[in-house]
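Structure assessment
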Amino acid sequence: MRSLPILLPAAVIRARACPLASIRQIRTWRLRFVEHDAPDVARPAGWSDVVDAHAAPRPGPDGPTDLTGDGFRAVWDAPRRVEGPVRLRGDLVVDPLDGHPTTGRIHRVRLLTETVREDAAGERVVALTARDLSAVPKVVDDGSPGEHERGTTALDVRTRDRGVLLDLELGVT
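Structure report, in brief. Remember, it's a predicted structure, so these values are computed and weren't measured experimentally.

With that settled, consider the nonpolar core. Core analysis: the biggest nonpolar cluster contains 33 residues, and I6, L8, W29, F33, L67, L92 and L166 have the highest contact counts within it. Sorting the residues of this core by element identifies strand 1 (3–9), helix 1 (10–14), strand 2 (26–35), strand 3 (50–57), strand 5 (72–76), strand 6 (84–94), strand 7 (100–118) and strand 9 (157–170) as the ones contributing at least two each. With sequence-adjacent residues up to four places away left out, I6 is seen in contact with W29, L31, L92, V94, V164, L165, L166 and L168.

Moving on: the side chain of T102. Along the chain, T102 falls in strand 7. Since its relative accessible area comes to 2%, T102 is described here as buried. In this structure the side chain of T102 is engaged in a polar contact, spanning 3.0 Å, whose partner is the backbone nitrogen of R73. Discounting chain neighbours no more than four positions away, the residues touching T102 are L4, R27, T28, W29, L31, G71, F72, R73 and L170.

Enumeration over the complete set of coordinates arrives at one aromatic pair. Arranged with centres 6.4 Å apart and planes meeting at 85°, the rings of F33 and W76 form a pair that is edge-to-face. Residue F33 is found in strand 2, and its partner W76 is found in strand 5; the two are separated by 43 residues along the sequence. Here W76 falls in the buried class, since its relative accessible area comes to 2%.

A few words now on the pairing of strand 8 (residues 124–133). Across ten bridges, strand 7 lies against strand 8 in antiparallel orientation. Bridging from a neighbouring strand, T115 pairs with A127 of strand 8. The antiparallel pairing of strand 7 with strand 8 creates a hairpin that spans five residues between the two strands, and G122 there sits at a positive phi of about 85°.

Here the focus is the pattern of salt bridges. Counting across every chain of the model gives twelve salt bridges. The partner of R89 in a salt bridge is D49, with the nearest N and O atoms 3.0 Å apart. Residue R89 is found in strand 6, and its partner D49 is found in the loop between strand 2 and strand 3; the two are separated by 40 residues along the sequence. For the salt bridge of R110 with D167, the shortest nitrogen-to-oxygen distance reads 3.1 Å. One end of the pair, R110, is in strand 7; the other, D167, is in strand 9, with 57 residues separating them in the sequence. Note on R110: relative accessible area 3%, which makes it buried. Of the residues examined, D167 reaches a relative accessible area of 5% and is grouped as buried. Through salt bridges with shared partners, a single ionic network connects R32, D77, D95 and D98.

So, how was this worked out
- Position numbers for residues start from 1 in each chain and track the written sequence from start to end.
- It should be noted that, the model being predicted, local features are given only for residues of pLDDT at least 70 and side-chain atom pairs only at 80 or more, the latter also being counted only at that level, while totals for whole chains, interfaces and linings use all residues.
- Only hydrogens and water are set aside when side-chain values are computed; all heavy atoms of the structure are taken into account.
- What is meant by a nonpolar core is a set of buried Ala, Val, Leu, Ile, Met, Phe, Trp, Tyr and Cys residues, joined one to another through side-chain atoms within 4.5 Å.
- Burial status follows relative accessibility: with a 1.4 Å probe on protein chains alone, a residue under 20% of its type maximum counts as buried, one over 50% as exposed, and anything between as partly exposed.
- A helix here means a DSSP run of H or I that spans at least four residues, while a strand means a run of E at least two residues long, and both kinds are numbered starting from the N terminus.
- Two residues qualify as a contact provided that any one of their heavy atoms is within 4.5 Å of a heavy atom in the partner residue.
- What qualifies as a polar contact is a pair of N or O atoms within 3.5 Å, subject to a donor-acceptor requirement within protein and to the restriction that residues adjacent in sequence count only when both atoms come from side chains.
- Ring pairs shown here join Phe, Tyr and Trp side chains whose ring centres sit within 6.5 Å, with only the six-membered ring taken for Trp; geometry is labelled stacked below 30 degrees between planes, edge-to-face above 60, and tilted in between.
- Paired strands, in this sense, are two strands between which DSSP finds at least two bridges.
- By convention in these notes, a salt bridge is any Lys or Arg side-chain nitrogen within 4 Å of a carboxyl oxygen on Asp or Glu.

Function-wise, these values are silent; they only describe arrangement.
Encoded structure:
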């Protein structure tokens, strides 16, 4: 089975810009590739940040690049014109407006929660935890304090839901 981890950002869930989905359902997601130089936090098991694909720039000097991989397509805002095979570090992210469609069967759904705090030396520490779910939640916690919580939380620890990690089985219709 060819599996593809994709990130459904919390902002997309909050905007209700994605279909409701649960394990074993076949869904089509519009994907964008978001590149990064180095991982900012340890990733949950099965979430790789290395993508092998074929890059094909769109016509025009500043147009995005189309990425085609083993069972997926995505849009990439390449920093320069790139054509041919590429190995990139980053994430495949759901982009309901501009991404390319990729279809797969959902075989795992995990809520990603990010905790940011300062250690004893004053350095920023980011921890990412994953919790299995049976479906994409209707709401996520963006980390904003509620009306009754204002002023009662420690300034040095913040928690928010980063999004949902979907593991898709590719090659199904």
